[in-house]
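# Observations on the three-dimensional arrangement
Chain residues, written in single-letter form:
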Amino acid sequence: QVQLVESGGGLVQPGGSLRLSCAASGSIFRIAAMGWYRQAPGKQRELVATTTILGSTNYADSVKGRFTISRDNAKNTVYLRMNSLKPEDTTGYYCNVRVADSSGIETDYWGQGTQVTVSS
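Notes on the structure in this doc start here. Going along each chain's sequence as written, the residues are numbered from 1 onward. Thresholds applied to this predicted model are a pLDDT of at least 70 for local features of residues and 80 or more for the giving and counting of side-chain atom pairs; totals over whole chains, interfaces and linings are not thresholded and use all residues. Side-chain metrics rest on all non-hydrogen atoms present in the structure, leaving aside hydrogens and water.

### Some details on the pattern of salt bridges
To be explicit about the condition: The salt bridge criterion pairs a side-chain nitrogen of Lys or Arg with a carboxyl oxygen of Asp or Glu, the two atoms within 4 Å. Exposed residues in this analysis have more than 50% of their type's maximum accessible area, buried residues have under 20%, and partly exposed residues fall in between, with area computed by a 1.4 Å probe over protein chains only. A helix here means a DSSP run of H or I that spans at least four residues, while a strand means a run of E at least two residues long, and both kinds are numbered starting from the N terminus.
For the structure shown, the criterion picks out five salt bridges. When the shortest N-O distance is used, the salt bridge between Arg38 and Glu46 registers 2.7 Å. The exposure class assigned to Glu46 is partly exposed, which follows from its relative accessible area of 39%. A salt bridge links Asp89 to Arg38; its shortest N-O distance comes to 3.0 Å. Residue Asp89 is found in the loop between strand 8 (77-82) and strand 9 (91-100), and its partner Arg38 is found in strand 4 (residues 30-39); the two are separated by 51 residues along the sequence. Residue classification places Asp89 among the buried residues on the basis of a relative accessible area of 1%. Using a relative accessible area of 7% as the deciding quantity, one classes Arg38 as buried. Several salt bridges share partner residues, and in doing so they unite Arg38, Glu46, Arg66 and Asp89 into one network.

Laid out in structure tokens, this is it:
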């Protein structure tokens, strides 16, 4: 099994910044990809940013230029730096880690979620 521990959410004023962290531990053969998603109550979970083992990244249009995803492979940790936060960024943020086993079979794991609230 793989455990994910998220941290870094909180309350911030519009225009402010936060950094989310997600550390993976447990039975990890290889991490194929890591990412962040967000989900508001009653809505579908949406992609915020992802990064692969090769370092390629992908961002939602709504966060491009404001958010930066990065990873520390030695620590199995992914970060999301969020700048110029807007009230519409307010919601729960969820870490996703895709782990491959020795056979190449991939499994998605999800963090417990961390709340980000942007308000004055």
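### Quick word on the state of the cysteines
For clarity, the cut-off: Working definition: a disulfide is two cysteine sulfur atoms within 2.5 Å of each other.
All chains considered together, the criterion is met by one disulfide. The partner cysteine of Cys22 in its disulfide is Cys95, sulfur to sulfur 2.1 Å. Here the S-S torsion is close to -80°, and the disulfide linking Cys22 with Cys95 is therefore left-handed. With Cys22 in strand 3 (residues 18-26) and Cys95 in strand 9, this residue pair connects regions lying 73 residues apart in the sequence.

### What to know about the environment of Gly111
Structurally, the position occupied by Gly111 is in the loop between strand 10 (106-110) and strand 11 (114-118). Exposure remark for Gly111: the relative accessible area of 11% places this residue in the buried category. Remark: the alpha-carbon pair of Gly111 and Thr52, spanning 59 residues in sequence, is separated by 18 Å.

### Details of the sheet that holds strand 8
Strand pairing in a sheet relies on backbone hydrogen bonds. The paired strands run either parallel or antiparallel. For clarity, the threshold we go by: Two strands qualify as a pair provided that DSSP identifies no fewer than 2 bridges between them. Fitted lines through C-alpha atoms give the axes, limited to the stretch in contact for helices. The angle between two N-to-C directions lies from 0 to 180 degrees.
Pairing is antiparallel across the open sheet formed by four strands, whose spatial order is 1-3-8-7. What marks the edges here is a single partner per strand, and that holds for strand 1 (2-7) and strand 7 (67-72). Direction aside, the axes of adjacent strands within the sheet are offset by 15° on average.

### Some remarks on the nonpolar core
Our working rule: In this text, buried Ala, Val, Leu, Ile, Met, Phe, Trp, Tyr and Cys residues form a nonpolar core when linked through side-chain atoms within 4.5 Å.
Of all hydrophobic cores here, the largest spans 28 residues; its most connected members are Trp36, Leu80, Met82 and Tyr93. At the level of elements, strand 1, strand 3, strand 4, strand 5 (46-52), strand 7, strand 8, strand 9 and strand 11 are the ones that each hand at least two residues to this core.

### Description of the environment of Ala23
To keep things clear, this is the line we draw: Whether two residues touch is decided by their heavy atoms; if any such pair falls within 4.5 Å, the residues are in contact.
Mapped onto the elements of the fold, Ala23 is located in strand 3. A sequence separation of 72 residues divides Ala23 from Cys95, and the C-alpha atoms of the two residues are 9.1 Å apart. Residue contacts for Ala23: discarding those within four places in its chain leaves Gln3, Leu4, Val5, Asn76 and Thr77.

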